[in-house]
Amino acid sequence: MSWRGELNKVYSATYKNWIISKRNAFTLFELVFWPFIGLISIGLLTRFLEVGDDMVAFVLVGAIALSILQISQIDVAYILLFDLWSKSIKQTFVAPIRGYHLVLGAMLFGVIRGVAVFLVLAAASRHLFGFDFLAGGVVTVIVFLAGTFITAASIGMVVCISILLFGQRADVAAWTLSGIMMLVSGVYYPVSILPGPLQILSKSIPLTYLLEYYRSAYGYGDHQILLGIAIALLYFAASLLILNLAIERARRTGMMLRLSE
Amino acid sequence: MPALRAEKITKSFRGLFKDKKVLFDISLSIEEGEIFGILGPNGAGKTTLMSIFSTLIRPDGGSLEVLGRDALRDTHAIRERINISSGNPNFPWSLTVRENLRHSAMLYGMYGRSLSKSVDEAISAFELGSQSDAKFETLSTGQKQRVSLAKSILNRPKILFLDEPTSGLDPEMAMKTRDLIKRIYQEEEITVVLTTHYMPEAEELCDRIAFLREGRLVALGTPAELKRALQIGHRIFVNYDGEIDPLKLRIIPGVMEVRELPGRVEMVFDHSGRAVSSIIKAFEGADILDIGIEEPDLEDVFLELAR
Ligand SMILES: Nc1ncnc2c1ncn2[C@@H]1O[C@H](COP(=O)(O)OP(=O)(O)OP(=O)(O)O)[C@@H](O)[C@H]1O
Ligand SMILES: [Mg+2]
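Sequence positions are assigned chain by chain, starting from 1 and proceeding in written order. Lettering of chains starts at A and numbering of ligands starts at 1, both following the order in which they are written. Only residues with pLDDT of at least 70 get local features here, since the model is predicted, and only at 80 or more are side-chain atom pairs given and counted; chain-wide, interface and lining totals rely on the full set of residues. No hydrogens and no water enter the side-chain calculation; it runs on all heavy atoms of the structure.

Draft legend 1. Structural detail: the sheet that holds strand 3 (residues 35–39) of chain B. All names here are of chain B. Taken in spatial order, the 6 strands line up as 6-7-8-3-9-10 in an open sheet, and their pairing is mixed. Both outer strands of the open sheet, strand 6 (82–85) and strand 10 (216–221), are each paired with one neighbouring strand and no more. Taking each pair of neighbouring strands and ignoring which way they run, the sheet shows an average axis angle of 15 degrees. As paired elements, strand 6 and strand 7 (residues 159–163) share 4 bridges and run parallel to each other. Directly across from I84, in strand 7, lies its bridge partner F161. Together, strand 3, strand 9 (208–213) and strand 10 form the strand contacts of helix 11 (residues 298–306), whose direction differs from that of strand 9 by roughly 30 degrees. Paired strands, as defined in this entry, are two strands with at least two bridges between them according to DSSP. Segments assigned H or I by DSSP are reported as helices when at least four residues long, segments assigned E as strands when at least two residues long, and all are numbered from the N terminus. All axes here are fitted lines through C-alpha atoms, helices being fitted over the stretch that makes contact, and every angle between N-to-C directions spans 0 to 180 degrees. Any two residues whose heavy atoms approach within 4.5 Å at even a single point are treated as in contact.

Draft legend 2. Layout of the packing of helix 3 (residues 97–107) of chain B against helix 4 (residues 112–125) of chain B. Residues and elements named next belong to chain B. For the pair helix 3 and helix 4, the least separation of the axes is 10 Å and the interaxial angle reads 130 degrees. One finds that helix 3 runs oblique with respect to helix 4. Crossing hand, helix 3 versus helix 4: right-handed. In this structure, helix 3 contributes R98, L101, R102, A105 and M106 to the contact, and helix 4 contributes L115, S116, V119, D120 and I123. Only Asp, Glu, Lys and Arg are considered charged, only Ala, Val, Leu, Ile, Met, Phe, Trp, Tyr, Cys and Pro nonpolar, and every remaining residue, Gly among them, polar. Classifying every residue of the contact of helix 3 with helix 4 by side-chain character gives 6 nonpolar, 1 polar and 3 charged. In this scheme, roughly parallel covers angles under 35 degrees and roughly antiparallel covers those over 145, while 65 to 115 is roughly perpendicular and the rest are oblique. Crossings are sorted by hand: turned counterclockwise from the far helix by less than a right angle, the near helix makes the crossing left-handed, and turned clockwise it makes it right-handed.

Draft legend 3. Inspection of the interface of chain A and chain B at higher detail. Taken together, the 34 residues of chain A in the interface contact 34 residues of chain B. Taken together, both faces of the contact between chain A and chain B bury some 3,400 Å²; the carbon and sulfur share is 60%. Contact with chain B buries surface across chain A, with Q91, V94 and R251 of chain A losing the most and accounting together for 19% of the total. Salt bridge, as used here, is a side-chain nitrogen of Lys or Arg placed within 4 Å of a carboxyl oxygen of Asp or Glu. The interface formed by chain A and chain B holds 2 salt bridges in total. The residue K9 of chain A makes a salt bridge to E80 of chain B at a minimum N-O spacing of 3.2 Å. Two N or O atoms count as a polar contact when they lie within 3.5 Å, although within protein this holds only if one can serve as hydrogen donor and the other as acceptor, and sequence-adjacent residues are included solely when both atoms are side-chain atoms. Summed over the shared surface of chain A and chain B, the number is 11 residue pairs in polar contact (both at pLDDT 80 or more). Listing elements by their share of the side of chain A that touches chain B, those giving two or more residues are helix 1 (3–23), helix 3 (53–85), helix 4 (89–93), helix 10 (225–253) and helix 11 (255–258) of chain A. Element by element, the count of residues in the side of chain A that touches chain B is highest for helix 1 of chain A, at 11 residues. Buried area is calculated as the accessible area (1.4 Å probe) missing from two parts once they are joined, with the contributions of both summed.

Draft legend 4. Geometry of the environment of G186 of chain A. Note that G186 of chain A resides in the loop between helix 7 (171–184) and helix 8 (196–202). In this structure G186 of chain A touches V191, L211 and R215 of chain A, once residues within four positions along its chain are discounted.

Draft legend 5. Broad picture of the pattern of salt bridges. Residues and elements named next belong to chain A. Taken as a whole and assessed by the stated rule, the structure comprises 26 salt bridges over all chains. A salt bridge links K16 to D83; the shortest N-O distance between them is 3.4 Å. One end of the pair, K16, is in helix 1; the other, D83, is in helix 3, with 67 residues separating them in the sequence. Under the scheme applied here, a residue whose accessible area is under 20% of the maximum for its type counts as buried, over 50% as exposed, and between as partly exposed, the area being computed with a 1.4 Å probe on protein chains only. Here K16 falls in the buried class, since its relative accessible area comes to 5%.

Draft legend 6. Main features of helix 5 (residues 141–152) of chain B. To estimate how far a helix should extend, the number of its residues minus one is multiplied by 1.5 Å. Across its 12 residues, helix 5 of chain B extends 17 Å between first and last C-alpha, which sits within 8% of the 16 Å expected from 1.5 Å per residue. The element helix 5 of chain B is largely enclosed, with a buried count of 10 among its 12 residues. What helix 5 of chain B keeps buried is the set G142, Q143, Q145, R146, V147, S148, L149, A150, K151 and S152 of chain B. Those residues of helix 5 of chain B that are buried are in contact with helix 4 of chain A together with strand 6, helix 3, helix 4, strand 7 and helix 6 (171–188) of chain B.

Draft legend 7. Expanded view of the sheet that holds strand 14 (residues 287–294) of chain B. Residues and elements named next belong to chain B. Ordered in space as 12-13-11-14, the 4 strands form an open sheet in which the pairing is antiparallel. Every interior strand has two partners, whereas the edge strands, strand 12 (255–261) and strand 14, have only one. The average undirected angle you get between the axes of adjacent strands in this sheet is 15 degrees. Pairing between strand 11 (residues 234–241) and strand 13 (residues 264–269): 6 bridges, direction antiparallel. Of the residues in strand 13, the one forming a bridge with H234 is F269. Sitting on the sheet, helix 10 (residues 275–282) is in contact with strand 11, strand 13 and strand 14, with an inclination near 150 degrees to strand 13.

Here is the structure:
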């Protein structure tokens, strides 16, 4: 087993995502259209409400984080989604490939797309709304992005896991996960305004910590970024483990065959 | 060491109300360097068995050894050394033929020049050159089948599993594919396990055949052994003019079946061999107009076993 061979197994997922993305118009929507719609409508809302610059920064951080999270989680979900849509799942899983090959390879592409979206949105929000995304320094941006990518990968894996366990239509159930995260992790408001039980829930979501961390650079109180990153890594490891178990389960239940028909 | 040894393999699939058992205690062993056929009617469990053999899915019970390794535990090492072309194959739709093959080769950990070389060889082996830049979704059924066959030789497998390799191919391409299977098999000294519904193909290619029916292994042997075991004899017909005594026909040694039609008799004989002269004697007093002998073929075996 050579390291170049291993690398190419990882890169296989990057390669597939790259080709399918460059060939499909919907990618452009994912990459530009929806993030822009999100950013501009939120930005204009702050204008309408005549909030101060610090408040503008607060909500724009949320809007940008959400876009990055969504784009890079779907790249990981594409591990199975593309194969699901073309009914080619068995081609992948008769090959000597492991869960982490697929996840890392797809994540690589998700990181590239996520960074691209970040740069575009940061530049746009600076130009349109005077938001300085580098206020906390480059390191802050990198830590924030890294945490977001790790979190996104876990969500993408949950999509894959639900498909392997429950079949074709389970992907819908998994999209709701992003929705719940958006609700409780304080994308557009501080989590302190949530009702008590939801606040507790928000403490279990890495995105909450990442947002607090990035916002602390704009004068919004404390953060516990180390705890947030630790939780993100924990979820990542757990998702990867469960993904492998789900793959093995799909081999037992025959789901692996059914998904290719 | 056999290339593959299966012991009491069972498999059932979860149904809505109760589980559906599709394989019952399949035990067989496939020798290295053999072309092994799995035949049987639709729904007999051939694809399921191939999927278990290729470690795509797991059996519920039994044990399986592939290339000397435990196929229920050492799956990864086995997958490196085998490959499968599935019937009715699909690949990511928006990738071209070449991109799909490159992607598959990467899944097998190939890289650099050897990757490109394997892909090029596979493309030319299955005459996909003029489609190599066409998206998979634009291919015809037979072309898709060829992509799948091309993919299955990328990693130079030690065991090649082919599920209905020539279904959907035109007669010329089917013949070329059979020749190619034979060539790869001879040059690379590999083991081939295939399923087919085309009996002449099984007869031409397979050293041994396992016959599945409703999830059970009902026969196993060389094509000749199967014919003998089932007592599927030669069919001999005689067209004649005049009168004969049919009783004389029924006492000819080796006769298994006699069917009388006006001016024609159809008989089935076993392989004892001395039948023809006895037949001619039995027709003394009548004019033999025509006599024909048909070798039994696998189609007869299939029809017999599928009953
Ligand atoms: N993933 C699955 N889930 C549930 N049932 C399945 C699954 N795959 C196959 N079956 C059932 O198992 C039985 C055997 O199917 P299999 O595909 O192995 O047959 P086959 O011998 O390959 O048939 P064919 O000649 O039509 O290809 C069938 O009754 C089929 O309905
Ligand atoms: Mg089949």
